[in-house]
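# Residue-level structure breakdown
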Amino acid sequence: MSTYANKKGFGATIWDYLTTVDHKKIAILYLISGGLFFVIGGLEAMFIRIQLAIPNNDFVSAGFYNEILTMHGTTMIFLAAMPLVFAVMNAVVPLQIGARDVAFPFLNSLGFWLFFFGGIFLNLSWFLGGAPDAGWTSYASLSLHSEGHGIDFYVLGLQISGLGTLIAGINFLVTIINMRTPGMTYMRMPLFTWSTFVVSALILFAFPPLTVGLVLMMFDRMFGSNFFDVAAGGNTIIWEHLFWIFGHPEVYILILPAFGIFSEIFATFSRKRLFGYSSMVFATVLIGFLGFMVWAHHMFTTGLGPIANAIFAVATMAIAVPTGIKIFNWIFTMWGGSVKFTVPMLYAVAFIPTFTMGGVTGIMLASAPADYQYHDSYFVVAHFHYVIVGGVVLGLLAGINFYWPKMFGTMLNEKLGQITFWTFLIGFHLTFFIQHFLGLMGMPRRVFTFLDNQGLNTGNMISTVGAFLMAFGVLVMVINIIITSVKNEKVGNDPWGDGRTLEWAIPSPPPFYNFKQLPLVRGLDPYWVEKMEGKTEMTPAEPLGDIHMPNSSILPLTIAFGLFVAAFGALYNMDDKTWTLPIIIVGLLITFGSMLIRSVKDDHGYHIHKEDLMDDKDKGGKA
Amino acid sequence: MANEQSNSANPNVDLKYRRKKNAEEMKHQVISFTLMIFFTLIAFAAVGIEGFSHWFIKPVILLLAAVQVVFQLYYFMHMKHKGHGTIALFLFSGLAVGLITVLVFTTIVWL
Ligand code: HEM
Ligand SMILES: [Cu+2]
């Protein structure tokens, strides 16, 4: 980022990022916008905890609390965790498989801008008459009766950003299937690439049910259809099914990349090959597979009947088996390794007990009869924060620390990193451990306040204190990032010194074409294989030649922007406003016009010539 | 796949072989296309002609539809060719997810 700013003007840099199709820059775009939404979602979390710090609090009103709560969940899942996962995938996966970019660079950029405008659209609801207020799950029985346009912002915003996610998922599938460098067989792919592969398949199958659900919801709210309206012969449970057929795979879409990141970190800093590589691959695929057969565990109390409940309970518990395989493999990777406690490794080690606790409460919840007690209580809140914060967020923080040098060419400060780690970890356990007991004592989730003298005061106060500690940790991380970027001390190819996979064999940040010559992969952990033979770089798999590169384009942005405009028209069209129709038309014209330009204009990209790629060494070597 | 490279030094040999292959391909496509139109006609006829019971019409139409999907995938979208293993894997996984959904909806939602 900063390196470019020195060479180019500010405007040129901005234009460069708006039009980029380079996976490394798109990763940075995902990181910045995901980070921004993470901070917004975090602020909302702080408001929730302030409101619940003491009994009978009136920091926010009941209605406003519902909006904050809904937007916290929706923002964190769809607009913070997802893009941050995509940031790491974009930054790392093409490098790990030895590719020069993803399979469809243009689509990659389109996916980002769709997510971005969808997210902005959703958040604009704050200023345009109120945010959605029916929970991140937006159950139809609540949302159909929600006043104002909040739910419509939810439906249209998620529809647009969901499209972006689907596109990104397909892109990674094709990339991993088709773009692996010579020698990079499936069973030599690093585990982060494997988890990206499985996650992309989950996206491919899980997002369409959400799309369908959102379309039906849109019809119910905008055109007066009655899919979910029980009074008119619809069935409100259908939304719940569609949402959770998407929703449960979605939680695995978030956790599997974190598993992948941790697998890389454990192997790197134990300086040992990942224990049980093939069983890790098998477990990842199995988790992805089982993830589609368990969604009804979110609906045990809706009255599915004992047989359905039993089937889904058993299927849910089965997931613990592959998850357990992974946990033990990570422990055995550290066992006997020469472990180095860098900041990413601290996160990785802390992740194991934390996530295991979340898994254990998951199994408790999966026992259908017991779930009648736990359901809709703070116990559930504690469970999913243990898996999502203790798994996904720790994974993302670890990944950002680990790959920061590869993305930006600078090392984050270790001391500040440790401060962030400890405050965040302690704050996290303070906030959420006590919530298990609040739930067991009967505190329901999604309430805007609680009464005095019910034994809930101390627990809630502790929880709020913990939340402030977490916020402090994040603040230190932001400061760390600023300090590091200002100092701008560049590092070499392999700044951790123990890199095993291809990305560490090339400069940090990599040149825009990634690999001058595609590397030849001779085993699992290819860079490590070469290092063990005393080499310092990869053996090339091809002679030096011209490299074909895609051109930058502003069209992805305009395609997404058109949908954003049209969504406003669609939203206010319900109020029978006449100006909305032209807005819809203009928006769709922008979108389809941009698509038309893309289709008819020939864009063959350009070539970097061999001569421009040669440095002195190549010239000397050729002779 | 489409742009497989020839590995013969004499382009004519390869061309001849490819011509023959293409002709065969074309024949298959025409046959399956005719069959598909024929199936569609049957479907329309089954509904149009009076006298058949619902219990006959519905399964027959669904069966014909299933056969058409197979034709579509295998003859027009090249699933029968080599190198489509990954595609088949994803298609069938998607099918599995879809079928589980239908199964659940028919047993516990719509019942
Ligand atoms: C061993 C693995 C797991 C099991 C057995 C499990 C089980 C469950 C069950 C039964 C519920 C429903 C509780 C209720 O509403 O009464 C639930 C809720 C939830 N779980 Fe898990 N879970 C597991 C792992 C995960 C993971 C890895 C994540 C995310 C990364 C996750 C995220 C969630 C979320 C977000 C909810 C609450 C959804 C809501 O109602 O808002 N779970 N889990
Ligand atoms: Cu679930």
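Remember, predicted model here, so these are calculated numbers, not experimental data. (Residues numbered from 1 in each chain as written. Chains lettered and ligands numbered in written order. Predicted model: local features only at pLDDT ≥ 70, side-chain atom pairs only at ≥ 80, totals over all residues. Heavy atoms only, no water.)

## Description of the coordination of the iron atom of ligand 1
Residues and elements named next belong to chain A.
- Protein coordination of the iron atom of ligand 1 is limited to a single donor, H383 (NE2), positioned at 2.2 Å.
- Separating the iron atom of ligand 1 from the copper ion (ligand 2) is a gap of 4.4 Å.
- Note that H383 resides in helix 15 (residues 378–408). (Donors = N, O, S within 2.8 Å, 3.2 Å for Na, K, Ca; no water. Helix = DSSP H or I, 4+ residues; strand = E, 2+ residues; numbered from the N terminus.)

## Section: the interface of chain B and chain A
- On the chain A side, the residues contacting the twelve residues of chain B number 17 residues.
- For the pair chain B and chain A, the two sides together bury roughly 1,200 Å², of which 88% comes from carbon and sulfur.
- Inspection of the chain B/chain A interface yields zero residue pairs in polar contact (both at pLDDT 80 or more).
- Taken together, the residues of the side of chain B that touches chain A sort by class into eight nonpolar, four polar and no charged. (Contact = heavy atoms within 4.5 Å. Buried area = accessible area lost by both parts, 1.4 Å probe. Polar contact = N/O pair within 3.5 Å; in protein donor to acceptor, adjacent residues only side chain to side chain. Nonpolar A, V, L, I, M, F, W, Y, C, P; charged D, E, K, R; others polar.)

## A few points about the pattern of salt bridges
Residues and elements named next belong to chain A.
- Overall, the coordinates contain 13 salt bridges over all chains when judged by the stated rule.
- Between K535 and E533 there is a salt bridge, with its nearest N and O atoms 3.8 Å apart.
- For E533, a relative accessible area of 48% translates into the label partly exposed.
- For D575, the salt bridge is made with K577, and the minimal N-O distance between the two is 3.6 Å.
- Taking relative accessible area as the criterion, D575 reaches 35% and is therefore assigned partly exposed.
- One salt-bridge network, in which partners are shared between bridges, spans R522, E530, E533 and K535. (Salt bridge = Lys/Arg side-chain N within 4 Å of Asp/Glu carboxyl O. Buried < 20%, exposed > 50% of the residue type's maximum accessible area, 1.4 Å probe, protein only.)

## Section: the confidence of the model for chain A
- Per-residue confidence for chain A averages 94 on the pLDDT scale, and 98% of its residues sit at or above 70.
- This model gives residues 1–5 of chain A a pLDDT under 50, and the stretch forms ten contacts once residues within four places in sequence are excluded. (pLDDT = per-residue confidence, 0-100.)

## Some thoughts on the UniProt feature "domain: Cytochrome oxidase subunit I profile" (unreviewed entry) in chain A
- The positions that UniProt labels "domain: Cytochrome oxidase subunit I profile" (unreviewed entry) are, in the present scheme, residues 9–522 of chain A.
- This span, residues 9–522 of chain A, is 69% helix and 0% strand, and a straight line between its end C-alpha atoms measures 43 Å. (UniProt positions renumbered as here; feature names shortened; annotations may be inferred.)

## Looking at the coordination of the copper ion (ligand 2)
All names here are of chain A.
- With distances of 1.8 to 2.1 Å, the protein atoms coordinating the copper ion (ligand 2) are H248 (ND1), H297 (NE2) and H298 (NE2).
- On the primary sequence, the residues serving as donors to the copper ion (ligand 2) are separated as H-x48-H-H.
- By relative accessible area, which is 22% here, H298 ends up partly exposed.

## Side note on the site of ligand 1
Residue and element names in this part refer to chain A.
- Around ligand 1, the surrounding shell holds 21 residues, and the nearest of these are W136, D371, H375, H383 and R445.
- Within the side chain of W136, an N or O atom sits 2.9 Å from an oxygen atom of ligand 1.
- With respect to ligand 1, the side chain of H383 contributes an N or O atom lying 2.9 Å from a nitrogen atom.
- At the level of secondary structure, the elements contributing two or more residues to the shell around ligand 1 comprise helix 9 (236–270), helix 13 (343–366) and helix 15.
- Residues belonging to the shell around ligand 1 are distributed by class as follows: 13 nonpolar, six polar and two charged. (Near = heavy atom within 4 Å.)

## Regarding the packing of helix 10 (residues 277–290) of chain A against helix 12 (residues 320–334) of chain A
Residue and element names in this part refer to chain A.
- Interhelical geometry of helix 10 versus helix 12 gives an angle of 150° and a closest axis separation of 8 Å. Taken together, the axes of helix 10 and helix 12 are roughly antiparallel relative to one another. Seen along the crossing, helix 10 lies across helix 12 with a hand that is left-handed. Where helix 10 approaches helix 12, its residues S279, M280, A283, T284, L286, I287 and L290 are matched on the opposing element by P322, T323, I325, K326, N329 and W330.
- Classifying every residue of the contact of helix 10 with helix 12 gives eight nonpolar, four polar and one charged. (Axes fitted to C-alpha atoms, helices over the stretch in contact; angles between N-to-C directions. Parallel < 35°, antiparallel > 145°, perpendicular 65-115°, else oblique. Left-handed = near helix turned anticlockwise from the far one by under 90°.)

## Considering the domain arrangement of chain B
Residue and element names in this part refer to chain B.
- Taken domain by domain, chain B holds domain 1 (11–80) and domain 2 (82–111).
- Once you take the C-alpha centre of each, domain 1 and domain 2 turn out to be 22 Å apart.
- Each side of the interface is counted separately: domain 1 has six residues, and domain 2 has six residues.
- Interface area, domain 1 with domain 2, both sides summed: about 360 Å², of which 72% is carbon and sulfur.
- Contact with domain 2 buries surface across domain 1, with L73, H78 and M79 losing the most and accounting together for 76% of the total.
- Taken together, the links from domain 1 to domain 2 amount to zero salt bridges.
- There are zero residue pairs in polar contact (both at pLDDT 80 or more) connecting domain 1 and domain 2. (Domains from an automatic or database assignment.)

## Structural notes on a nonpolar patch on the surface
Residues and elements named next belong to chain A.
- A cluster of nonpolar side chains, I54, W422, I426, L430, M461, I462 and V465, forms an exposed patch at the surface whose accessible area comes to about 600 Å².
- Of all the secondary-structure elements, those providing two or more residues to the nonpolar patch are helix 16 (414–440) and helix 17 (457–487).
- Note that W422 resides in helix 16.
- Under the relative-accessibility criterion, W422 is labelled partly exposed at 46%. (Patch = residues over 30% accessible without salt bridge, like charges linked within 9 Å, V, L, I, M, F, W, Y side chains within 5 Å. Areas by Shrake-Rupley, 256 points an atom, 1.4 Å probe, with all protein chains shown as cover.)

## Side note on the environment of A:N480
Residue and element names in this part refer to chain A.
- Structurally, N480 is set in helix 17.
- Between the C-alpha atoms of N480 and I554, which are 74 residues apart in sequence, the distance is 33 Å.
- Residues in contact with N480, not counting those within four places in the same chain, are L412, N413, L416 and G417.

## Let's talk about the packing of aromatic side chains
All names here are of chain A.
- Tallying each qualifying case throughout the model produces 65 aromatic pairs over all chains.
- With 6.4 Å between their ring centres and 5° between their planes, F86 and F172 make a pair best called stacked. With F86 in helix 4 (residues 62–96) and F172 in helix 7 (residues 150–178), the pair connects residues that are 86 residues apart, well separated along the chain. Side by side, F86 and F172 carry an identical accessibility label, which is buried.
- Note on F275 and F332: the rings are 5.1 Å apart at their centroids and 55° apart in plane angle, and the pair reads as tilted. With F275 in the loop between helix 9 and helix 10 and F332 in helix 12, this residue pair connects regions lying 57 residues apart in the sequence. (Phe/Tyr/Trp six-rings, centres within 6.5 Å; stacked < 30°, edge-to-face > 60°.)

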